[in-house]
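Overview (structure and organization)
Spelled out, the chains give:
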Amino acid sequence: MLSGGLRSMTVSETAHNRVELRLPAEFGSLPVVRGVAATVAMGADLTVDAIADLRLAVDEVCSQVIALARPGAQLTCAFHSTAAGIRVSAAAPSKDGRLPSADSFGWHVLRTLTDEARAWLGDGEDHPLHVEILKRNAS
Amino acid sequence: MPTTERTRSSEYDHLAPLFVELAACTDPGQRAALRDKLVTGHLPLAEHIAVRFSNRGQPTDDLRQVAVVGVINAVDRFDPERGTDFLSFAIPTIMGEVRRYFRDSSWSIRVPRRLKELHLEISSATGALFQQLGRAPSPSELARHLDRPVEEIYEGLEVANAYQAMSVDESREDGESESPLVRSLGAEDPELAKVDYHESLRPLVAALPERERTILTLRFYGNMTQSQIAEKVGLSQMHVSRLLSQTLQRLRGKLGPEM
């Protein structure tokens, strides 16, 4: 028989292992994304510091994508929770093919809050802008 | 009967040596026992302060709880090496905690009492476990420590953010009037004075209230975790988290979307 701890871990893994959101690429979507980020991070039993960091980081990731998204576009935000940590990627069709500036304060915030942060333009007609972060489990 | 500072001092004199013992003690079990003794011994202080602030529209039970959290924080942060006695350190700390509670208590209108209590419990347990573990606890560790189901911890942690949404506009420029500790930090810490902020950020950072500026700088230029910052500035981790989130939102508003 499974112990209580193992059982609850299994439940949270199936519930939060992979979550994908589709929302309007607008700043008004941020509270929803933040809430999901916190739920996924709590389910992964990160420390309260890491949970708070992930909330801030996801806010920043989505803000960056939204700022450079084509007006009226859709934002996709995916959370992937594994034993190693939580990977979050946000994407939206780009307005003008620009990437977030790596010298900006916003990008500095992302690098401080996470273990990996990168941005790139995808293939395809509307050159989706992707921003992805990884928050490792033990930090 | 009014209690004077003098009688209060003698009431707690016998506890002073325990701080020295605690500072020298490395055994986690023994440390926890000493801490318990110190907190319990100083509880009447919380009572005195809570009573002083009663009749201002907040339930005395709430005030008592906030003051108790203040006692715990003061015990955790007091350094006997500094040469001041505990009371002159603790009284302003605890009063600051209670004043902050008044200022932040707009949330009490909408958040049920049960959740407020849970929030306070989690808040102080986070500090205690940080002391014990040397890092912030996870929800399951908080659940074990408080002997509550982990779902309640999730709920309590989320309440902190509900509270944030309501207090965004209210914690602004009055930050200065609060903790003398925070006020002195920016001026005294030479590391903070040397920080090379991002160009566009400089005028905005200068315009932030001292407390927000200190927290922002320690997190993003001082590489400290939220729990370490909480300990340093004498707030709870949840409070630091809230202020940090508000400050980033504020900067984003000022810097424009491409922060």
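Residues numbered from 1 in each chain as written. Chains lettered and ligands numbered in written order. Predicted model: local features only at pLDDT ≥ 70, side-chain atom pairs only at ≥ 80, totals over all residues. Heavy atoms only, no water.

Across its full length, chain A holds 4 helices and 5 strands. Secondary structure elements of chain A, listed N to C terminal, follow the sequence α-β-α-α-β-β-α-β-β. By the burial criterion, 53% of the 139 residues in chain A qualify as buried. Considering only intrachain contacts with a sequence separation of at least 6, the fraction spanning at least 24 residues in chain A is 63%. For chain A, the exposed surface amounts to about 6200 Å²; the carbon and sulfur share of it is 54%. (Helix = DSSP H or I, 4+ residues; strand = E, 2+ residues; numbered from the N terminus. Buried < 20%, exposed > 50% of the residue type's maximum accessible area, 1.4 Å probe, protein only. Contact = heavy atoms within 4.5 Å. Areas by Shrake-Rupley, 256 points an atom, 1.4 Å probe, with all protein chains shown as cover.)

What follows is about the interface of chain B and chain A. In this complex, chain B contributes 33 residues to the contact, which on the side of chain A involves 30 residues. When chain B packs against chain A, close to 2600 Å² is buried across both sides, 58% of that on carbon and sulfur atoms. Here R219(B) and D53(A) are joined by a salt bridge, their closest N and O atoms 2.8 Å apart. For the pair chain B and chain A, the interface holds 12 residue pairs in polar contact (both at pLDDT 80 or more). Of all the secondary structure elements, the ones that give two or more residues to the side of chain B that touches chain A are α8 (139-146), α9 (150-167), α13 (210-220), α14 (226-233) and α15 (237-255) of chain B. Top element by residues in the side of chain B that touches chain A is α15(B). It accounts for 9 residues. Tallied by class, the residues present in the side of chain B that touches chain A amount to 16 nonpolar, 12 polar and 5 charged. (Buried area = accessible area lost by both parts, 1.4 Å probe. Salt bridge = Lys/Arg side-chain N within 4 Å of Asp/Glu carboxyl O. Polar contact = N/O pair within 3.5 Å; in protein donor to acceptor, adjacent residues only side chain to side chain. Nonpolar A, V, L, I, M, F, W, Y, C, P; charged D, E, K, R; others polar.)

Within the fold, A33(B) resides in helix α3 (residues 28-41). When the C-alpha atoms of A33(B) and L22(B) are compared, they prove to be 9.3 Å apart, with 11 residues separating the residues in sequence.

Residue and element names in this part refer to chain A. Here strand β1 (residues 18-24) runs beside strand β2 (residues 74-82); their pairing, made up of 7 bridges, is antiparallel. Opposite L23, over in β2, you have L75 as the bridge partner. Taken together, the 7 bridges between β2 and strand β3 (residues 85-93) define a ladder with antiparallel strand orientation. What sits directly across from T76, in β3, is A91. Taking the residues between adjacent antiparallel strands as the criterion, β2 and β3 are bridged by 2 residues. (Pairing = 2+ DSSP bridges.)

Below, the discussion takes up the pairing of β3(A). Residue and element names in this part refer to chain A. Within β3, 7 of the 9 residues are buried, which leaves it mostly tucked inside the rest of the structure. Sheet topology places β3 next to strand β5 (residues 128-136); 9 bridges connect them, and they run antiparallel. In the strand pairing of β5, A92 is matched with L129.

Quick look at the confidence of the model for chain B now. Residue and element names in this part refer to chain B. With 76% of its residues at a pLDDT of 70 or more, chain B shows a mean pLDDT of 79. Taken element by element, the predicted model of chain B shows its lowest mean pLDDT in helix α10 (residues 180-188) (42) and its highest in α8 (96). Confidence over residues 1-6 falls short of pLDDT 50; this stretch has 3 contacts with residues more than four positions distant or in other chains. Here residues 164-188 is a poorly scored stretch, pLDDT under 50, and it has 47 contacts once near neighbours within four places are set aside; other chains count. Note on the complex model: pTM 0.68, ipTM 0.84. (pLDDT = per-residue confidence, 0-100.)

It is worth spelling out the sheet that holds β1(A) at this point. Residue and element names in this part refer to chain A. Taking strand neighbours across the sheet as the criterion, the 5 strands line up as β1-β2-β3-β5-β4 in an open arrangement whose pairing is antiparallel. Of all the strands in the sheet, the pair left with one neighbour each is β1 and β4 (116-121). Taking the axes of each pair of neighbouring strands and ignoring which way they run, one obtains an average angle of 15° across the sheet. (Axes fitted to C-alpha atoms, helices over the stretch in contact; angles between N-to-C directions.)

Attention shifts here to α13(B). The buried fraction of α13(B) is high, at 10 of 11 residues. Taken together, the buried positions of α13(B) are E210(B), R211(B), E212(B), T214(B), I215(B), L216(B), T217(B), L218(B), R219(B) and F220(B).

On to the nonpolar core, then. Nonpolar side chains in soluble globular proteins generally cluster together in the buried interior. Of all hydrophobic cores here, the largest spans 74 residues; its most connected members are V58(A), C62(A) and F79(A). Tallying contributions element by element places helix α3 (residues 48-67) of chain A first for this core, with 11 residues. Looking at which domains feed residues into this core, each of domain 2 (110-164) and domain 3 (192-255) of chain B gives three or more. Apart from residues no more than four positions distant in its own chain, V58(A) is found in contact with V33(A), A37(A), F79(A), V88(A) and I133(A). Ranked by size, the runner-up nonpolar core spans 33 residues in total, among them C25(B), I49(B), V71(B) and Y101(B). (Core = buried A, V, L, I, M, F, W, Y, C linked by side-chain atoms within 4.5 Å. Domains from an automatic or database assignment.)

The next point concerns the environment of V36(A). Residues and elements named next belong to chain A. Note on placement: V36 falls in helix α2 (residues 30-43). What makes V36 buried here is its relative accessible area of 18%. C-alpha separation for the pair V36 and V19, spaced 17 residues apart in sequence, amounts to 8.5 Å. Setting aside residues up to four positions removed in sequence, V36 forms contacts with V19, L21 and F79.

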